[in-house]
Amino acid sequence: MNNNSCQTCGTDVSRRDFLKIAGASTCGIAVAALTSGEALASSNEGLPLEEHKAMLYDSTVCIGCKQCEAACKLDNNLAEEDVNDLSGNTFTIIKEYISEDGTESAFRKYQCMHCVEPSCVASCPVAALTKLGDGPVVYDEDVCIGCRYCMQACPYGVPAYDWSQAYPLIRKCDLCYDRPEGPACAETCPKGALIYGKRGELIQMAKERIALNPDKYYENRVFGEHDGGGTSFLILAAVPFEKIGLPPLGNESLPSHTHTATSVVPGLFAGVAGLMSSIYIRTKDNEDDDLHEGGTT
Amino acid sequence: MSAITIPGTKKQIPIGIIMLAVLSIVGFYAMTIRWVDGLGIATNLSDTRPWGLWISFDLAVMAFSGSAFTMAAVSHILHKNKYHNIARVALIGGYVGYLSAGAALTVELGRPERLWHFFAYHNLHSPLFEVGMCVIAYTGILTLEFLPMLFKKLKWGKMIKVMRAIEVPVVVAGITLSTGHQSSLGSISLILIYKLHPLWYSPILPIIFLASAMTSGIAMTMLVGFIGTRVFNWEFRKGVFSGLGRILLYASIFTLLLKLGDLAWSGELGLLFENSLQSKIYFIENVAGYVLPIIILLIPTLNKKWSWLFRASVLSIIGLVTHRMAVSFFGLAGADYFPTWQEFASTAGLFSVGIILLWIIADNIPLVVEEH
């Protein structure tokens with residue numbers, strides 16, 4: 001009974017075992033450190049931001065003809081459906097906002113915003129969603145496991161499901177990344193409300209429009225230059241952005257909120273393993289006393 | 001307890017287990033509806049409400065499985081030997097919990113057949129990837145912790161020796177993985193800063209998740225211990241339950257202060273009185289889950305009585321379930337949502353299978369053994 005081991009669970013461990021623990025935890029830290037370094041390296045690839053593929057949507061020019069919707073359906077081979085939101089078969093939709101007193105109205109084109117730091121990409125556990133080096137946020141339907149974290153994480157409510165399928169996939173705009181002429185919607189727009197180009201040039205164009213009409217545009221700024229860390233789908237509007245369904249995100253990217261938490265993980269692992277091992281050693285010598293005490297209280 | 005005897009044997013099956021078996025069958029039928037007809041028919045989920053009851057089940061069950069690592073820390077690392085037996089019960093409870101959460105993924109995921117993609121593809125920045133890896137690794141660790149009991153039953157002496165040699169590193173690895181995984185379950189919500197109600201959203205959600213999981217893990221250990229004492233005549237050492245009650249008290253006070261302190265720090269205490277659905281749910285969560293158990297456990301005449309310790313543990317569990325439901329749908333912006341009968345039935349079914357599994361293990365392997 002006094003052989004310094006616990007009969008029921010068989011804890012009979014020599015100091016040598018701590019070399020094993022120390023070894024195991026050191027390996028763990030090393031692996032974690034290496035892998036996190038690799039992740040950081042891979043996120044820096046790609047073209048500079050101003051060279052990214054992008055679109056500028058000027059809500060004040062849009063007449064709501066919905067030819068962009070039709071072009072998108074045709075090019076992506078999507079079924080017709082009667083919906084008033086983005087869905088598994090509707091990658092873009094034009095909605096009209098009319099104020100309660102009817103004096104103010106505006107169109108808004110809903111579609112994937114192709115964020116500079118996309119929440120969907122940050123949240124996807126299996127990296128089915130990725131941001132291409134030249135801007136588009138694309139989806140690999142062969143990789144997705146269907147956890148729907150991207151749908152939850154996207155502040156614009158973009159990723160959608162085809163709920164009629166037993167084994168559905170995420171569906172969303174991919175900026176027609178593999179179409180040489182650029183997005184079908186922008187190509188179709190009869191009014192030039194939707195312009196496809198390089199992000200830097202489009203922001204410049206938007207700023208020129210604002211400068212020409214100093215009181216026309218809301219807050220005299222283009223939504224997406226900095227909002228939520230920036231987007232590749234840029235919006236000019238005459239009405240407050242919130243009125244046309246754009247969330248007030250501030251300039252910080254959403255993934256920055258999780259990066260802090262995920263980056264402390266290797267340290268946390270090392271800390272907990274070290275702490276537990278040292279407590280184990282410290283309390284081990286009290287074992288018999290404790291056993292006795294445990295039996296009488 | 002009433003029981004049904006299997007014809008031709010002396011084996012008796014308690015009536016409660018028979019009822020759980022019926023629930024399991026109904027649940028399995030509901031699951032087949034999801035597999036055959038799809039999520040659109042089997043659930044009330046939608047593009048703006050992509051998560052529902054199944055996520056709450058996963059989050060709650062994984063929190064309860066925190067019993068395993070919390071009790072392992074108390075018993076094996078702090079060397080509080082009187083808890084050895086009940087730590088073994090907690091271990092099995094946690095093991096079964098993880099298995100049923102894993103089983104839930106087969107209905108919940110859009111493409112459950114691709115679960116193995118966790119090994120093939122990774123996004124190290126995703127909290128969900130971290131959760132997935134930790135759960136997979138930790139289930140492996142729990143298997144290693146469970147095997148010695150099985151080997152003992154099978155009388156495989158050599159294997160028992162092997163397992164004993166690696167026991168301490170295994171326990172340390174288990175605690176480490178659990179800490180990471182319980183907190184990363186909270187990290188999942190960090191990106192939902194514009195969706196999750198400010199009563200629950202907090203930059204310290206990972207810590208709140210870890211603390212609440214440990215609290216409810218202790219409550220769950222007590223509950224399973226109480227039930228086992230009745231059903232299997234388990235005998236624990238004197239002072240085990242009042243000792244756990246004391247740990248539950250400290251853990252509950254810590255977690256409650258953490259949550260209220262966080263609200264006060266961010267200047268959101270006023271939200272408590274906005275009288276919305278969310279503020280009511282927050283009250284249920286914290287009054288049932290923390291305030292009442294703390295009061296019970298503080299009163300000297302009550303905190304040694306089984307009946308009151310039992311109540312405190314059940315209340316604590318209700319609080320945890322409410323919290324996990326809040327972060328998975330009540331507190332999240334999106335379409336109105338009420339689960340379908342298939343969602344309810346499959347959740348109840350998975351829960352029932354877990355209890356039956358626990359019963360089978362406890363019935364066949366001596367979890368609570370005579371010491372000395």
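Residues numbered from 1 in each chain as written. Chains lettered and ligands numbered in written order. Predicted model: local features only at pLDDT ≥ 70, side-chain atom pairs only at ≥ 80, totals over all residues.

Digging into the overall build of chain A
Within chain A one finds nine helices and nine strands. The 297 residues of chain A split such that 40% are buried. Sequence-distant contacts, at least 24 apart, represent 64% of the contacts inside chain A between residues at least 6 apart. (Helix = DSSP H or I, 4+ residues; strand = E, 2+ residues; numbered from the N terminus. Buried ≥ 20, exposed ≤ 12 C-beta atoms within 10 Å, placed from the backbone. Contact = placed C-beta atoms within 7 Å.)

Notes on the overall build of chain B
If you tally the helices and strands in chain B, you get 14 helices and two strands. Over its C-alpha trace chain B gives a radius of gyration of 21 Å, about what one expects of a compact globule, namely 21 Å for 372 residues. On the principal axes, the C-alpha backbone points of chain B span a range of 55 × 55 × 45 Å. Evaluated residue by residue, chain B yields a buried proportion of 53% over its 372 residues. When contacts within chain B are restricted to residue pairs at least 6 apart in sequence, long-range pairs at least 24 apart make up 78% of them. (Rg over C-alpha atoms; globule rule 2.2 N^0.38 Å.)

Re the confidence of the model for chain A
Residue and element names in this part refer to chain A. Within chain A, residue pLDDT values average 83, and 81% of them lie at 70 or more. Confidence drops under pLDDT 50 across residues 1-44; counting only partners more than four residues distant or on other chains, this segment forms 52 contacts. Confidence drops under pLDDT 50 across residues 288-297; counting only partners more than four residues distant or on other chains, this segment forms 13 contacts. (pLDDT = per-residue confidence, 0-100.)

Some details on the sheet that holds strand β8 (residues 194-198) of chain A
Residue and element names in this part refer to chain A. If you walk across this open sheet you meet the three strands as β8-β1-β9, and the pairing is mixed. Looking at the sheet topology across the chains shown, the edges are occupied by β8 and β9 (233-236). In this sheet, adjacent strand axes meet at a mean angle of 25 degrees when their direction is disregarded. Where strand β1 (residues 53-58) meets β9, four bridges bridge the pair, whose relative direction is parallel. Across the sheet, residue Met55 finds its bridge partner in β9, namely Phe233. (Pairing = 2+ DSSP bridges. Axes fitted to C-alpha atoms, helices over the stretch in contact; angles between N-to-C directions.)

Points about the interface of chain B and chain A
Across the boundary between the two partners, chain B contributes 63 residues, which contact 72 residues of chain A. Of all the elements in the fold, those that place two or more residues in the side of chain B that touches chain A are α1 (15-37), α2 (39-42), α4 (66-77), α6 (117-120), α7 (127-154), α8 (157-165) and α9 (167-187) of chain B. Per-element tally for the side of chain B that touches chain A: the top contributor is α9(B), with ten residues. Grouping the amino acids of the side of chain B that touches chain A by side-chain chemistry returns 30 nonpolar, 20 polar and 13 charged. (Nonpolar A, V, L, I, M, F, W, Y, C, P; charged D, E, K, R; others polar.)

Regarding the environment of B:Ile253
All names here are of chain B. You can see Ile253 is positioned in helix α11 (residues 240-265). For Ile253, a count of 16 C-beta atoms within 10 Å puts it in the partly exposed group. Separated by 38 residues in sequence, Ile253 and Thr215 place their C-alpha atoms 9.5 Å apart.

A few points about unusual backbone geometry
Residues and elements named next belong to chain A. Within the chain, Ala127 stands out as a residue other than glycine whose phi angle is a positive 55 degrees. Looking at the secondary structure, you find Ala127 in the loop between α3 (119-123) and β4 (129-131). A residue is classified by how many C-beta atoms lie within 10 Å of it, and Ala127, with 18 of them, is partly exposed. Even without glycine at this site, Leu175 takes up a positive phi of about 60 degrees.

Focus on the packing of α7(B) against α8(B)
Residue and element names in this part refer to chain B. Relative to each other, α7 and α8 sit at 160 degrees, their axes nearing to 9 Å. Taken together, the axes of α7 and α8 lie roughly antiparallel to each other. Once α7 is placed against α8, the crossing between them reads as left-handed. Here Leu147, Pro148, Phe151 and Lys152 of α7 lie close against α8, whose contacting residues are Met159, Ile160 and Met163. Among the residues making up the contact of α7 with α8, the classes are represented as six nonpolar, no polar and one charged. (Parallel < 35°, antiparallel > 145°, perpendicular 65-115°, else oblique. Left-handed = near helix turned anticlockwise from the far one by under 90°.)

Examining the nonpolar core
Core analysis: the largest hydrophobic core is formed by 175 residues, its most contacted members being A:Cys150, A:Leu234, A:Ile235, B:Ala72, B:Leu91, B:Ile175 and B:Leu248. When residues in this core are grouped by element, the largest group, 13 residues, is from helix α10 (residues 205-231) of chain B. Not counting residues up to four positions away in its chain, the partners in contact with B:Leu91 are B:Ala68, B:Ala72, B:Leu142, B:Glu145 and B:Phe146. (Core = buried A, V, L, I, M, F, W, Y, C linked by C-beta atoms within 7 Å.)

A word on the packing of helix α3 (residues 53-64) of chain B against helix α13 (residues 306-330) of chain B
Residue and element names in this part refer to chain B. Packing of α3 against α13 leaves a shortest axis separation of 8 Å and a crossing angle of 140 degrees. By the angle between their axes, α3 is oblique relative to α13. Pair α3 / α13 crosses with right-handed handedness. The segment α3 lies against α13, with Ile55, Ser56, Leu59, Ala60 and Ala63 engaging Leu320, Val321, Arg324, Met325, Ser328 and Phe329.

Focus on α11(B)
All names here are of chain B. Over its 26 residues, α11 extends 37 Å from the first C-alpha to the last, a length consistent with the 38 Å expected when each residue adds 1.5 Å. Regarding α11, the residues found buried are Val240, Phe241, Leu244, Gly245, Ile247, Leu248, Leu249, Ala251, Ser252, Thr255, Leu256 and Lys259. Against the buried residues of α11 lie α5 (84-108), α10, α12 (277-298) and α13. The positive-phi residue at the C-terminal boundary of α11 is Gly267, with phi of around 65 degrees. (Expected span 1.5 Å × (residues − 1).)

Here we look at the pairing of strand β3 (residues 105-110) of chain A
Residues and elements named next belong to chain A. For β3, the buried fraction is high: five of the six residues fall into the buried class. Bridge count between strand β2 (residues 93-98) and β3: six bridges; the pairing is antiparallel. Directly across from Lys95, in β3, lies its bridge partner Arg108. The antiparallel hairpin formed by β2 and β3 contains six residues in its connecting segment, where Gly102 sits at a positive phi of about 80 degrees.

Thoughts on α9(B)
Three or four residues apart is the spacing at which side chains of an α-helix point the same way, because the helix has 3.6 residues per turn. An ideal rise of 1.5 Å per residue puts 30 Å on 21 residues; α9(B) measures up with 30 Å between its terminal C-alpha atoms. Buried residues dominate α9(B), accounting for 21 of its 21 residues.

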